Amino acid sequence: MRRQAVVASVAVLLLTGCTTGPSLENRGAVTAPPGDSKQLTIGSAGFTESDLLAQMYALLLDQAGYRTSMLTVANRELYEPALESGQIDVVPEYAATFADWLNAKTNGVDAPPVGSPDLDATMAALRKLAAPRGLTVLDPGRAVDQNAFAVTEAYAREHHLKTLSDLGRSGLGVRLAAGDECVQRPYCEPGLKKTYGIDITAVDPKGVGTTQAKRAVQSGQDQMVLTTTTDATLDEFGLVLLADDKHLQNADYIVPVVNRSRAGGEGVTKALGKLNDVLTTADLASMNQQVDSWRRLPEDVARTYLQEKGLLK
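Residues numbered from 1 in each chain as written. Predicted model: local features only at pLDDT ≥ 70, side-chain atom pairs only at ≥ 80, totals over all residues. Heavy atoms only, no water.

1. Comments concerning the state of the cysteines
Counted under the stated rule, the structure contains one disulfide. With a sulfur-sulfur separation of 1.9 Å, Cys182 is cross-linked through a disulfide to Cys188. With the S-S dihedral at roughly -85 degrees, the linkage between Cys182 and Cys188 falls on the left-handed side. For the pair Cys182 and Cys188, a shared accessibility class is recorded, and that class is buried. (Disulfide = S-S within 2.5 Å. Buried < 20%, exposed > 50% of the residue type's maximum accessible area, 1.4 Å probe, protein only.)

2. Examining the confidence of the model for the protein chain
In this model, the protein chain carries an average pLDDT of 91, and 90% of its residues clear a pLDDT of 70 or more. Segment residues 15-29: pLDDT under 50, and 21 contacts once partners within four positions in sequence are set aside and those in other chains are kept. (pLDDT = per-residue confidence, 0-100. Contact = heavy atoms within 4.5 Å.)

3. Digging into the sheet that holds strand β10 (residues 239-242)
Strand order in the open sheet formed by five strands is β8-β7-β9-β6-β10, with mixed pairing between adjacent strands. Bordering the open sheet on either side are β8 (199-205) and β10, each of which pairs with just one other strand. Averaged over all adjacent pairs, the angle separating strand axes in this sheet is 40 degrees, with direction ignored. Each of β6 (147-152), β7 (173-178), β8, β9 (224-228) and β10 is contacted by helix α9 (residues 211-218), which is oriented at about 145 degrees to β9, the strand it contacts most. (Pairing = 2+ DSSP bridges. Helix = DSSP H or I, 4+ residues; strand = E, 2+ residues; numbered from the N terminus. Axes fitted to C-alpha atoms, helices over the stretch in contact; angles between N-to-C directions.)

4. With respect to the pattern of salt bridges
Within this structure, the stated rule accounts for 14 salt bridges. A salt bridge links Arg262 to Asp89; the shortest N-O distance between them is 2.5 Å. One end of the pair, Arg262, is in helix α10 (residues 260-263); the other, Asp89, is in the loop between α3 (76-85) and β4 (90-94), and 173 residues separate them in sequence. On the accessibility criterion, Asp89 (1% relative accessible area) is buried. The shortest N-O distance in the salt bridge between Glu299 and Arg303 comes to 3.3 Å. Taken as a pair, Glu299 and Arg303 lie in helix α13 (residues 298-308) at a separation of four residues, close to a single helical turn. Accessibility expressed as a relative area gives 31% for Arg303, which makes it partly exposed. (Salt bridge = Lys/Arg side-chain N within 4 Å of Asp/Glu carboxyl O.)

5. Describing the packing of helix α2 (residues 48-63) against helix α11 (residues 266-276)
α11 packs onto α2 with a crossing angle of 125 degrees between their chain directions and a minimal axis gap of 9 Å. The angle between α2 and α11 falls in the class oblique. When the axes of α2 and α11 are compared, the crossing they make is right-handed. Judged by residue contacts, Met56, Tyr57, Leu60 and Leu61 of α2 engage Val268, Ala271, Leu272 and Leu275 from α11. (Parallel < 35°, antiparallel > 145°, perpendicular 65-115°, else oblique. Left-handed = near helix turned anticlockwise from the far one by under 90°.)

6. Thoughts on unusual backbone geometry
The phi dihedral of His160 is positive, around 55 degrees, even though this residue is not glycine. Relative to the helices and strands, His160 resides in the loop between α6 (153-158) and α7 (164-170). Its identity is not glycine, yet Arg295 carries a phi of approximately 60 degrees, on the positive side. Mapping Arg295 onto the fold places it in the loop between α12 (281-292) and α13. Judged by relative accessible area, Arg295 falls into the exposed class, the value being 67%.

Written out as structure tokens, the structure reads:
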């Protein structure tokens, strides 16, 4: 079944139609039975990984008897209210990040964060925040996209490094290529110092996982780069991740979030749940690479992956 791709030009509709989502007075549908609409709109945030996940969701739902269309809206401030209002029915999200986003929206930007390295606690907080908005958060799978730190293979081999704890114990001074906000974020410089005892001598503001940042580490100008666990290009720069063995990073496991009144039924849950058993962080990194480096289309990559895993006929 061929799906229409509707891109961010519809943002005007989203802006005018659902900037705040349903009001608290109109959320009676939250307690109603979950809906099972046979025509569903799958949302994507417009970057490679989100596109891949949205395509996989759509293919699995198509096979389960639903008719799907795609809607790409790059701004969470737009697509989350659209999810509440039913303009979008299903979207891939990241547990800790989405929990903190909903928490700030509900309780104010100064509210203490509810996302944490503890997946169970993060999911409990996320579901508590999502339910009053008419949203259901399905179970997370094995795949996680969280901040991560990489060094060159040669550097890791020379200093016998496999984990961030190893780096802390080494006593080595480390110049870190990252975003300029790293000096304040608890998962970055402060956390590396406090949790792991790593001697961060300077933060080189070259961005998170950018080519410039990776080249700085590759050349030896910096010793470590802040990237993500699904970065598909590390091999190209001779870089390897150091394990976050003390769980400094939040539990940003991938979770489908659905509009309860339209897609909260067993059919959607069962169709998307099949992905949880197979999709890994390494799988996502590989698929990202196929799109970003090999220039394959996200739908083709998603379809091939699902077929190889026996999830798509």
